[in-house]
Amino acid sequence: MVTLYSTHCSSSSKAAASNSSIGFYNYHNNLPISSRKFGSQKISLTPICNAIRMQDVACVLFLNKRSFYEPRVSRKQRPYLPKVEVRFAYTLPSPNLTCGITLGAVVAPPSKIENKTPLKKLKDGILSVRPPEEQKDTFDFDSNKDKSTVSITVVGASGDLAKKKIFPALFALYYEGFLPEHFTIFGYARSKMTDTELRNMVSKTLTCRIDKRENCGEKMEEFLERCFYHSGQYDSQENFAELDKRLKEHEAGRFPNRLFYLSIPPNIFINAVRCASLSASSAHGWTRVIVEKPFGRDCESSAALTRSLKQYLKEDQIFRIDHYLGKELVENLSVLRFSNLIFEPLWSRQYIRNVQFIFSEDFGTEGRGGYFDHYGIIRDIMQNHLLQILALFAMETPVSLDAEDIRNEKVKVLRSMRPLQLDDVVVGQYKSHTKGGTTYSGYTDDKTVPKDSLTPTFAAAALFIDNARWDGVPFLMKAGKALHTRSAEIRVQFRHVPGNLYNKNFGSYLDQATNELVIRVQPDEAIYLKINNKVPGLGMRLDASNLNLLYSARYSKEIPDAYERLLLDAIEGERRLFIRSDELDAAWSLFTPVLKELEQKKIVPENYPYGSRGPIGAHYLAARYKVRWGDLA
Ligand SMILES: NC(=O)C1=CN([C@@H]2O[C@H](COP(=O)(O)OP(=O)(O)OC[C@H]3O[C@@H](n4cnc5c(N)ncnc54)[C@H](OP(=O)(O)O)[C@@H]3O)[C@@H](O)[C@H]2O)C=CC1
Ligand SMILES: O=C1O[C@H](COP(=O)(O)O)[C@@H](O)[C@H](O)[C@H]1O
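In this text, all values refer to a predicted model and were calculated from it rather than measured experimentally.

Undergrad: What am I meant to see in the site of ligand 2 here?
TA: In the vicinity of ligand 2, the contacting residues are Lys293, His323, Tyr324, Lys327, Glu361, Arg368, Asp380, His385, Lys481, Arg486 and Gln522. Between ligand 2 and the protein, one listed contact pairs an oxygen atom with a side-chain N or O atom of tyrosine 324 at 2.4 Å. In this structure, an oxygen atom belonging to ligand 2 sits 2.6 Å away from a side-chain N or O atom of lysine 481. Relative to its unbound accessible surface of 390 Å², ligand 2 loses 85% to contact with the protein. A per-class count over the shell around ligand 2 returns 1 nonpolar, 3 polar and 7 charged.

What follows is the structure in structure tokens.
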């Protein structure tokens, strides 16, 4: 049952409101339940809403026959949440009319919600950013109420990320039935391509899951038929208006929602957003924009980017992607911690000695040297991926799983952290190395990288959270390219057991006898806990063994790629895994001073051979805090 408990709507203009009405629709079948016309300056909708008690309600507000607003039954109503509050407040594009509606919902039995198709979850109402005067078309909601559509435009479709990640993720969602019934995918870039050429390009990177090969070819054909291409400049409103025209042809009178994925270099983000929002945003439905990193390269440039984006978009239209937040084990971090009694009580300085976030790749910056040299590993990996994981790891219990509640807690952690000090950073750069007759090029051997580049391809750092829970606990980060292995892990090293009866069995290896919880994000996703155990036999010999939850052994389902989850969330309007602007500001504040110092002082990175374990300085840094890197134990 859903109970709407508080709504209000006020207008400062009689004329603007004279043709207006509010309608309630059954969420499941979109049939009208009730509607009310209003033309007065002020209208209280509370009595209407209180009178309506039913399974699920969708509510659409019409102003001068335009529909602006559709509250959703969102993923907040997943089974683990027995009670949901949905709040909406927004400004209508009309300058003299504002309206806010607050809904409080008590949710229907969870199974019903879960059984919904994703399309039915698509009930978020984001206003178009297009100026009102450009919203010429009116939408006849009565005859189209059961028909909405999502148009996904991949801006920069000819690029590496689009081919490698975005199109395959969209196909996986399609294959699994997660895309809405009506959807269209457009590639947009400057390269000249026909629809068929785009389809050929995309088809080369599509794969079916190992566990689901049924009708794979057929599904690919169906998917590709819904992919189109439009060639245009990123700074041309005219070209985006042409795209708009083509999108409209495919939307064919359906309720149009539009998602733009900016898969382009950052220097053209703003032009593309300006043109897309002014010439190709949805007139009636929502318009959302996924923005890829890098979100600036320091506090100032990031704030400037946010300011520019907000000239054309509202914060809730901006989906800043950090694909590490979409990884299965990062998503599981909160589940592990907040739904297992054995972990949460241990999650503090009292029991945890240090936490390590380790990222390594066994390949260099090949092909991306130009981009990388401008950013370096601290900006590329630490300031975003590792810091986001740290914030999730260390945050206090959020009030709910609502996006804002989670992001509020993450911001608090970031704001409680000390900006990184130069003394607490070690930087490195890989050099060429020959192994087994093969020579692996060094970073500066790349033609797109200046020979005298000081850009770090490796960094280790010690960070601290100055709050009651984490006071004095080192949070160590290590990230590097061209190392000996590819992996991403979170390692939680616990304190010694006080007065351990078995200390003598460990001899001088007391450190190695502490418990360690490892969350292996990739590859071979796993969670394991290192415990001390008696080696079977008549003696009393102890060893460290793992209680091991290896995903591939436990779950037969293939783990979805991070981009699948994030794209689906963006389509559904779920913001939990996207970065809010204040989180971003807080993240940059931690790293900007040290990044500037490294550059101003021209700190020379320590060399390490391609394929090695990185510079020795990382060990000294850890040792300063009496820590051993867990991945080396
Ligand atoms: N590739 C990756 O693994 C990752 C990428 N990212 C981010 O995603 C975004 C896209 O990355 P990626 O696909 O690698 O980028 P690309 O360099 O491949 O660029 C994407 C497309 O943008 C256009 N483009 C490239 N350079 C310029 C330019 N100087 N001026 C105008 N247009 C240009 C090209 O299309 P055309 O010429 O046809 O217009 C190109 O195909 C970037 O912001 C990147 O930082 C983030 C994480 C990982
Ligand atoms: O954002 C980035 O991530 C990739 C690593 O992503 P993964 O999912 O393959 O682990 C990294 O290679 C790239 O430099 C960086 O920009």
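Now, onward.
Undergrad: Just checking my understanding: could you explain the pattern of salt bridges for this structure?
TA: It is possible for side chains of opposite charge to pair when their charged atoms get near one another. The tally for this structure, following the rule as stated, stands at 34 salt bridges. The partner of aspartate 195 in a salt bridge is arginine 246, and the shortest N-O contact between them spans 3.3 Å. One end of the pair, aspartate 195, is in helix 7 (residues 195-203); the other, arginine 246, is in helix 9 (residues 237-251), and 51 residues separate them in sequence. Judged by its relative accessible area of 21%, arginine 246 is partly exposed. Between arginine 469 and glutamate 396 there is a salt bridge; the shortest N-O distance is 2.8 Å. With a gap of 73 residues between them, arginine 469 in the loop between strand 21 (458-463) and strand 22 (475-480) and glutamate 396 in the loop between helix 13 (369-394) and helix 14 (403-415) connect regions that are remote in the sequence.

Undergrad: Help me out: how do you make sense of the packing of aromatic side chains in this one?
TA: How two aromatic rings sit relative to each other is set out by the distance from centre to centre and by the angle between their planes. Applying the stated criterion across every chain yields a total of 25 aromatic pairs. An aromatic cluster is built from Phe372, Tyr430, Tyr440, Tyr443, Phe458, Tyr608 and Tyr610, whose rings are joined through pairwise contacts. The aromatic ring of phenylalanine 228 is capped on one face by arginine 199, whose charged end is 5.1 Å from the ring centroid.

Undergrad: Just checking my understanding: could you explain the sheet that holds strand 12 (residues 183-189) for this structure?
TA: By way of backbone hydrogen bonds, the strands of a sheet pair with one another, either parallel or antiparallel. Overall, mixed pairing links the 7 strands, which are arranged 13-12-11-14-15-16-27 in an open sheet. A single partner strand is all that each edge strand has here, and the edge strands are strand 13 (227-231) and strand 27 (578-579). Where strand 11 (residues 148-155) meets strand 12, 6 bridges bridge the pair, whose relative direction is parallel. Directly across from valine 154, in strand 12, lies its bridge partner glycine 187.

Undergrad: What's the story with helix 11 (residues 299-312) in this structure? I'm lost.
TA: Because an α-helix completes one turn every 3.6 residues, residues spaced three or four positions apart along the sequence face the same direction. The end-to-end C-alpha separation of helix 11 is 21 Å, in line with the 20 Å expected for 14 residues at 1.5 Å each. Of all the positions in helix 11, only Ser302, Leu305, Thr306, Ser308, Leu309 and Tyr312 are classed as buried. Projected down its long axis, helix 11 shows its buried positions confined to an angular sector of 165°, all on one face. In helix 11, the exposed residues that point more than 90 degrees away from the buried face are Arg307 and Gln311.

Conventions we followed
- Residues numbered from 1 in each chain as written.
- Chains lettered and ligands numbered in written order.
- Predicted model: local features only at pLDDT ≥ 70, side-chain atom pairs only at ≥ 80, totals over all residues.
- Heavy atoms only, no water.
- Near = heavy atom within 4 Å.
- Polar contact = N/O pair within 3.5 Å; in protein donor to acceptor, adjacent residues only side chain to side chain.
- Areas by Shrake-Rupley, 256 points an atom, 1.4 Å probe, with all protein chains shown as cover.
- Nonpolar A, V, L, I, M, F, W, Y, C, P; charged D, E, K, R; others polar.
- Salt bridge = Lys/Arg side-chain N within 4 Å of Asp/Glu carboxyl O.
- Helix = DSSP H or I, 4+ residues; strand = E, 2+ residues; numbered from the N terminus.
- Buried < 20%, exposed > 50% of the residue type's maximum accessible area, 1.4 Å probe, protein only.
- Phe/Tyr/Trp six-rings, centres within 6.5 Å; stacked < 30°, edge-to-face > 60°.
- Lys NZ or Arg CZ within 6 Å of the ring centre and 35° of its normal.
- Pairing = 2+ DSSP bridges.
- Expected span 1.5 Å × (residues − 1).
- Arc of directions from axis to C-beta.

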